[in-house]
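# Topology and contacts: notes
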Amino acid sequence: MHKHQQYWQHTLRLTAVLLAIWFVATFLVAWFARELQAFTVFGFPFSFFMAAQGALLIYIALVAYYAYRMDKLDVEYDMQEGD
Amino acid sequence: MGASVQSQFVSQLKRYYALYTGGVIGFVVMLAILEQMGVPNKVLGYLFLGVTVLLYAGIGILSRTSDVTEYYVAGRRVPALFNGMAVAADWMSAASFIGLAGTLYVSGYDGLAFVMGWTGGFCLVAFLLAPYLRKFGQYTIPDFLGMRYGGGLPRAIGVFAAILCSFTYVIAQVYGVGLIVSRFTGLDFGVGVFVGLGSILVCSFLGGMRAVTWTQVAQYVILIVAYLIPVIWLSVKHTGNPVPQVAYGYVLQQVTARENVLNDASTPEGAREAEVRTLFKQQMKIDSAKLAALEAGGAAYLVQERARLTHTLQQLKDKAHVAPQDIAALQNELATFPKDVNSARNTWRAAVETEKAKSSPIIAHAEPFAGSDETARDNKRKNFLALVLCLMVGTAALPHILMRFYTTSSVKEARLSVFWSLLFISLLYITAPALAVLAKYDVYTLLVGSSFSELPSWVSAWAAVDKTLMSVTDMNKDGIVQLAEITIGGDLIMLATPEIAGLPYVVTALVAAGGLAAALSTADGLMLTIANTLSHDVYYKMIDPRAPTTRRLIISKVLLLVVAVFAAYITSLKPGDILFLVGAAFSLAASAFFPALALGIFWKRANKMGAVIGMVSGLATCMVYMFITYPFFGVNAPLWWGINPISAGIFGMPIGFIGVILGSLFSAPPSPETRAMVDYVRYPNMRLDSFIEKR
């Protein structure tokens, strides 16, 4: 069971880190949206860019990384699903 | 299933859908040629909607099945890529396809709450639910609650909540189906509803989840092609760049520059805008006075006001030289005069709201939480964040979406398929803000300042169809269009984009078919969820656990019919507005399901008592708040901390979490069997027999 516990701890850590990035990209940026609109990225005010595109791209990256990392974790801890 | 069989299946699917996509494009090209040859628009519209609906029904017939696993979870062998497309079609509803760009056009930055909320929720699905639900591997969401928390009660509450939020959501979809069919074919709204439902039924009735899955993949292709083509074209027209998502930053700067000019009364254009705004301000004073008199005088005032109008009309008619349009205006006012105090209050309140908006300066598109003072801005920010959170958590709790992750072949595939889902969904959500800005640019530069005698053709065409979608009135009689003189209904933006971009009618028909695909695919998924929950959880698990599979399937199909007819009936009553219904479904799902589902996986100590208390209290809080604050119900209690009723889940969610936690801690820990089940769900390699024998 020891190996299982480690696997689960690892999964929880990964989940927590990704959720933290998700939280910052969404709620922290939106909270300071009025202050952040002074910057310009690709011609957009920064806060508009984040809400319309940036956050979405970050979400996709997070989900992709999760799928990739979890698959590797499954192999590392020998947890792959049998047929 | 062997790996080689599955990979053969995947390559076969890829071939089929590649052929199908080619076929769709060929069909559009063929219709474009027909249009050039002079076939009338109406025929093209019928052909387009008819062929696509028949196509969906055809896929349904081809995928008919009477196998339980096929019927409930498409045989659990849907490849990640295709499940991604199916989730995307399941997910994107009529509100996303038709309404979103309009909402963004009207509310600018503040509308982006929907863009973030409807995509960011998939992070929660990916990290907290999808892989674990796939490992659990049963048939419905109440299944999970029933097995994790034990006993009939959590399952029963789950059934109630699943039906409540799916049904609220399905009404909005059926409404969308009726709207699109009636607008593009000229059929009656009610007939439109039943034609659309017919195709849904053929599909899910014969093949259940299996048919719905393969139809949804087909619907996604149509939906995304229909969304992207007109926007790309519009982008090329205004910027020369075929990638609208990249190009519209530059267009947004120009829109902002235009906003500044129009808001500045020292420029000639700004001065004319100011003139129109003054007129609206005067009108607002008149209507506010009427409203105040109504509150004081009640029904007697209405009678008096009507008599006064009739009298004025008579006087006008008696005079020698009167402009005929003055008489017509008065006659119109009398004809639409409110019948009772309630309708008068609603009409005049709406009028004052509109006039208030029209008499204030333009709100900058890119400015977040615009408001006159700090309190107003703070209030908007609070509601923005609350809405984003409700939409996100609701995403991770709507049963028709979560159920789709039961259909993949493994945990690994489930994780991958969330990625594909989010990618396919984002393709539309990242384009919608671009469309809103491009359309705004068109209106601000080409329509504003043009002459009333030569309006762009799409303006007059849509104004003739529906005044609430598009109307222009020369308020200050200068013969030139000012921004404040234009009224645009949100739904117009997507529907009229092909014409704004100057594309042939065939693209308009394609957009209609795309909107129909969006509404049908979501309605399909929702109805199947309701029917499966009733037949599997209520009939099979709670009433007759020994029922043979054939009877279970028959019951499921009969229930599907009943649900569809009932949904059509409720829709024909036209309750509430679509966006509120959709928002309500998210808040309800977020409050009822999310705490019990997430804690069920991540907290072994969560038990039956906790789940029951958490789900009931979360759901009840959310429902009560909606009931007392949403104007439709007529209670109109003060808002809590200024939060709008659409975000009622912001109160339901924490109460739900607290309920699960306290309820669990104050009762005995769950049995070793339940803890074993949680382990089974957490570790991909753990075998079923390790906990099933102890169950």
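Because the structure is predicted, anything quoted here is derived from the model rather than measured. Each chain has its residues counted from 1, running along the sequence as written. All chains are assigned letters beginning with A, and all ligands numbers beginning with 1, in the order in which they are written. In view of the model being predicted, local features appear only for residues whose pLDDT reaches at least 70, and side-chain atom pairs are presented and counted only at 80 or more, with totals across whole chains, interfaces and linings using the full set of residues.

## A short note on the overall build of chain A
Helix and strand assignments come from DSSP, with helices taken as H or I runs of at least 4 residues and strands as E runs of at least 2, each series counted from the N terminus. For chain A, the count of helices and strands is three helices and two strands. Each helix (α) and strand (β) of chain A, taken in turn from the N terminus, gives the series α-α-β-β-α. Every radius of gyration here is taken over C-alpha atoms, with the globule rule written as 2.2 Å times N^0.38, N being the number of residues. Over its C-alpha trace chain A gives a radius of gyration of 17 Å, far above what one expects of a compact globule, namely 12 Å for 83 residues. Projecting the C-alpha coordinates of chain A onto the three principal axes gives extents of approximately 55 × 20 × 15 Å. Between the buried cut of 20 or more and the exposed cut of 12 or fewer other C-beta atoms within 10 Å of a residue's own C-beta lies the partly exposed class, and all C-beta atoms are placed from the backbone. A burial count over chain A gives 35% of its 83 residues as buried.

## Observations concerning the overall build of chain B
Helix and strand counts for chain B stand at 28 helices and two strands. A globule of 695 residues ought to have a C-alpha radius of gyration of about 26 Å, and chain B, at 27 Å, matches this closely. If you line up chain B on its principal axes, its C-alpha atoms span 95 × 65 × 45 Å. Residues classed as buried in chain B amount to 51% of the 695 residues present. Within chain B, residue pairs in contact and separated by at least 24 positions form 81% of the contacts whose partners lie at least 6 positions apart. Contact definition: two residues whose C-beta atoms, as placed from backbone geometry, lie within 7 Å.

## Side note on the interface of chain A and chain B
Counting residues at the interface gives 39 residues for chain A, matched by 40 residues for chain B. Mapped by element, the contributors of at least two residues to the side of chain A that touches chain B are α1 (2-31), α2 (33-36), β2 (44-45) and α3 (46-76) of chain A. Counting residues per element, the side of chain A that touches chain B draws most heavily on α3(A), at 17 residues. Charged means Asp, Glu, Lys or Arg here, nonpolar means Ala, Val, Leu, Ile, Met, Phe, Trp, Tyr, Cys or Pro, and polar covers whatever is left, Gly included. Taken together, the residues that form the side of chain A that touches chain B break down as 26 nonpolar, nine polar and four charged.

## Considering the nonpolar core
The biggest cluster of nonpolar side chains holds 239 residues, and the ones touching the most others in it are V63(A), L223(B) and M527(B). Top element by residues in this core is helix α9 (residues 189-239) of chain B. It accounts for 23 residues. Sequence-distant contacts of V63(A), that is, excluding residues within four places in its chain, are made with F122(B), C123(B), A126(B), V418(B), F419(B) and L422(B). Joining buried Ala, Val, Leu, Ile, Met, Phe, Trp, Tyr and Cys residues through C-beta atoms within 7 Å gives a set, and that set is a nonpolar core.

## As for α3(A)
A maximum bend of about 45 degrees is found in α3(A) at Q53(A). Of the residues one or two after α3(A), D78(A) is the one with positive phi, at around 55 degrees. Bend is the name given here to the angle between axes fitted to two runs of seven residues, the run ending at a residue and the run starting at it.

## Side note on the confidence of the model for chain A
Confidence of the predictor in every single residue is expressed as pLDDT, which spans 0 to 100. Per-chain confidence: chain A averages 88 in pLDDT, with 96% of residues scoring 70 or above. The spread of mean pLDDT over the elements of chain A runs between α2(A), the lowest at 83, and α3(A), the highest at 92.

## A few points about unusual backbone geometry
Glycine aside, the phi torsion of most residues is negative, and most peptide linkages are trans. With a phi angle near 50 degrees, F42(A) is a residue other than glycine that sits in the positive phi range. Mapped onto the secondary structure, F42(A) falls in the loop between β1 (40-41) and β2.

## A short note on helix α8 (residues 152-185) of chain B
Residues and elements named next belong to chain B. For a helix, the expected span equals 1.5 Å multiplied by the residue count minus one. An ideal rise of 1.5 Å per residue puts 50 Å on 34 residues; α8 measures up with 48 Å between its terminal C-alpha atoms. Where burial is concerned, most of α8 is hidden: 25 out of the 34 residues are buried. Following α8 by one or two positions, G186 has its phi on the positive side, about 80 degrees.

## Side note on the confidence of the model for chain B
Reading fine detail from the predicted coordinates is not recommended where pLDDT is low. In the predicted model, chain B carries a mean pLDDT of 84, and the fraction of residues at 70 or more is 97%. In the predicted complex, the global pTM is 0.88; the interface-specific ipTM is 0.94.

## Considerations on the packing of helix α10 (residues 244-263) of chain B against helix α11 (residues 268-297) of chain B
Between the N-to-C directions of two axes lies an angle of 0 to 180 degrees, each axis being a line fitted to C-alpha atoms and, for a helix, fitted only over the stretch in contact. The interhelical angle for the contact between α10(B) and α11(B), taken along N-to-C directions, is 65 degrees, at an axis separation of 6 Å. Across from V261(B), L262(B) and N263(B) in α10(B), the residues of α11(B) making contact are E269(B), G270(B) and E273(B).

## Focus on the environment of R69(A)
Residue and element names in this part refer to chain A. Within the secondary structure layout, R69 lies in helix α3. Overall, the presence of 15 C-beta atoms within 10 Å leaves R69 in the partly exposed class. With 58 residues separating them in the primary sequence, R69 and T11 have C-alpha atoms 9.3 Å apart.

## So, the environment of V582(B)
All names here are of chain B. Within the element layout of this structure, V582 appears in helix α23 (residues 578-592). Overall, the presence of 26 C-beta atoms within 10 Å leaves V582 in the buried class. Through-space distance from the C-alpha of V582 to that of I171 is 9.0 Å; in sequence the pair is 411 residues apart. Non-local contacts of V582, meaning those with residues more than four positions away in its chain, are made with S93, A95, Y169 and A172.

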